[in-house]
Amino acid sequence: MTLKSLLLAVGLILAGGAVLAEGELSTLRPTAPIDQEAEAEPIPDVINSDMRQVRNYPDQPPLIPHKIDNYQIDLDANKCLTCHSRTAVEMSQAPMISVTHFMNREGQTLATVSPRRYFCTQCHVVQHDVKPLVVNNFVDVDSVLDFVRGQQGGGE
Ligand code: HEC
Ligand code: HEC
């Protein structure tokens with residue numbers, strides 16, 4: 001890289017920083033100068049209410065409503081399955097993993113959890129009570145239906 005292109009690159013990064021300062025973009029990095037380390041806000045504890053949460057759409061992997069600190073999920077052990085497997089739920093009273101978790105790529109239902117669904121935290125996540133970094137205008141389908149019905153009712 002020549003000195004000129006290096007200066008150009010640094011210039012672009014600084015210009016990018018200015019855009020961030022105007023609040024047009026949100027990133028994990030707060031608006032600290034590029035050469036300084038910003039003090040991160042402390043992350044509040046995981047929501048541990050044990051209350052199952054409404055899914056935003058039927059196929060959403062449900063959010064985890066409990067702590068999962070130090071739960072081992074690797075070749076040797078899967079802590080989640082000690083409560084959520086078919087045979088464990090009587091003791092744990094946890095919801096059983098659904099039938100899709102037993103299906104292979106061809107849609108065949110296997111006897112045990114499919115390798116595709118073994119690493120639970122690939123899809124299921126805990127939540128923290130924090131302000132979203134990015135604005136989200138998601139509208140639940142029920143609200144959309146209410147809106148449509150309202151329009152139809154009003155027009156007749
Ligand atoms: C000690 C038993 C136990 C372990 C271990 C456990 N869970 Fe749970 N889980 C529960 C119970 C009980 C519930 C029902 C709500 C509650 O009481 O928290 C639940 C609820 C859930 C739900 C919500 C389901 C729904 O329909 O809303 C998800 C998702 C979940 N757990 C995922 C996980 C994952 C992923 C792991 C491993 C990282 C895990 N759980 C480990 C007991 C457990
Ligand atoms: C590839 C993504 C993926 C992985 C990996 C995965 N799940 Fe799920 N899970 C989902 C989706 C999507 C749903 C909701 C639709 C469904 O039931 O298939 C779900 C539903 C669930 C439910 C609710 C079942 C019900 O009937 O309400 C539980 C509990 C659950 N998963 C636990 C687990 C556990 C424990 C693991 C790890 C062994 C795991 N999941 C791995 C995607 C995943």
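Structure first, text after, so check above.
Notes on the structure in this doc start here. Note that the coordinates shown come from a computational prediction; the quantities given were computed from them, not determined experimentally. Within every chain, residues take consecutive numbers counted from 1 along the sequence as written. Here chains are named by letter from A upward and ligands by number from 1 upward, in the order in which they appear as written. With the structure being a predicted model, the display of local features is reserved for residues of pLDDT at least 70 and the display and counting of side-chain atom pairs for 80 or more, all residues being used for whole-chain, interface and lining totals. To get the side-chain values, take all heavy atoms of the structure and skip hydrogens and water.

Our next topic: the layout of surface pockets. Of the two site types, the cavity is a set of points on a 1 Å grid over the protein atoms alone where a 1.4 Å probe fits but cannot get out, and the pocket is an open set with protein on both sides within 12 Å along at least five of seven lines, each lined by residues with an atom within 4 Å of a point. Grid points are joined across faces, edges and corners, and a volume is the space filled by probe spheres set on the points. Space inside the largest pocket adds up to approximately 970 Å³. Lining the largest pocket are 38 residues, and of these Pro 62, His 84, Pro 95, Ile 97 and His 124 lie nearest its centre. Asp, Glu, Lys and Arg are counted as charged, while Ala, Val, Leu, Ile, Met, Phe, Trp, Tyr, Cys and Pro are counted as nonpolar; the rest, among them Gly, fall into the polar class. Residue classes in the lining of the largest pocket are distributed as 20 nonpolar, 11 polar and seven charged.

Our next topic: the site of ligand 1. Any residue with at least one heavy atom within 4 Å of a molecule or strand is counted as near it. In the region of ligand 1, 20 residues are neighbours, and Asp 50, His 66, Cys 80, Cys 83 and His 84 sit closest. Residue Arg 52 places a side-chain N or O atom 2.8 Å away from an oxygen atom belonging to ligand 1. In protein, a polar contact means a hydrogen-donor-capable atom and an acceptor-capable atom, both N or O and within 3.5 Å, with residues adjacent in sequence counting only if both atoms are side-chain atoms; elsewhere, any N or O pair within 3.5 Å suffices. Between ligand 1 and the protein, one listed contact pairs a nitrogen atom with a side-chain N or O atom of His 66 at 2.8 Å. Any molecule with more than half of its atoms within 2 Å of a cavity's or pocket's grid points is counted as sitting in it. Judged by the proximity of its atoms to the pocket grid, ligand 1 belongs to the largest pocket. Taken together, the residues that form the shell around ligand 1 break down as 11 nonpolar, five polar and four charged.

Let us look at the coordination of the iron atom of ligand 1. Note on the iron atom of ligand 1: its protein donors are His 66 (NE2) and His 84 (NE2). The metal-donor distances range over 2.0 Å. For the iron atom of ligand 1, the six donor atoms in the first shell make angles of 89 to 179° at the metal, so the coordination geometry reads as octahedral. In this pair, His 66 sits in the loop between helix H1 (3-21) and helix H2 (81-84) while His 84 sits in helix H2, placing the two residues 18 residues apart along the sequence. Excluding water, the donors of a metal are its N, O and S neighbours within 2.8 Å, or within 3.2 Å for Na, K and Ca, and that exclusion means sites may look incomplete. Angular criteria define each label, namely tetrahedral for four donors with all angles between 85 and 135 degrees, square planar for four and octahedral for six donors with opposite donors over 155 degrees apart and remaining angles between 65 and 115, and irregular for whatever fails these tests. Numbering goes from the N terminus for both helices and strands, where a helix is a DSSP run of H or I of at least four residues and a strand is a run of E of at least two.

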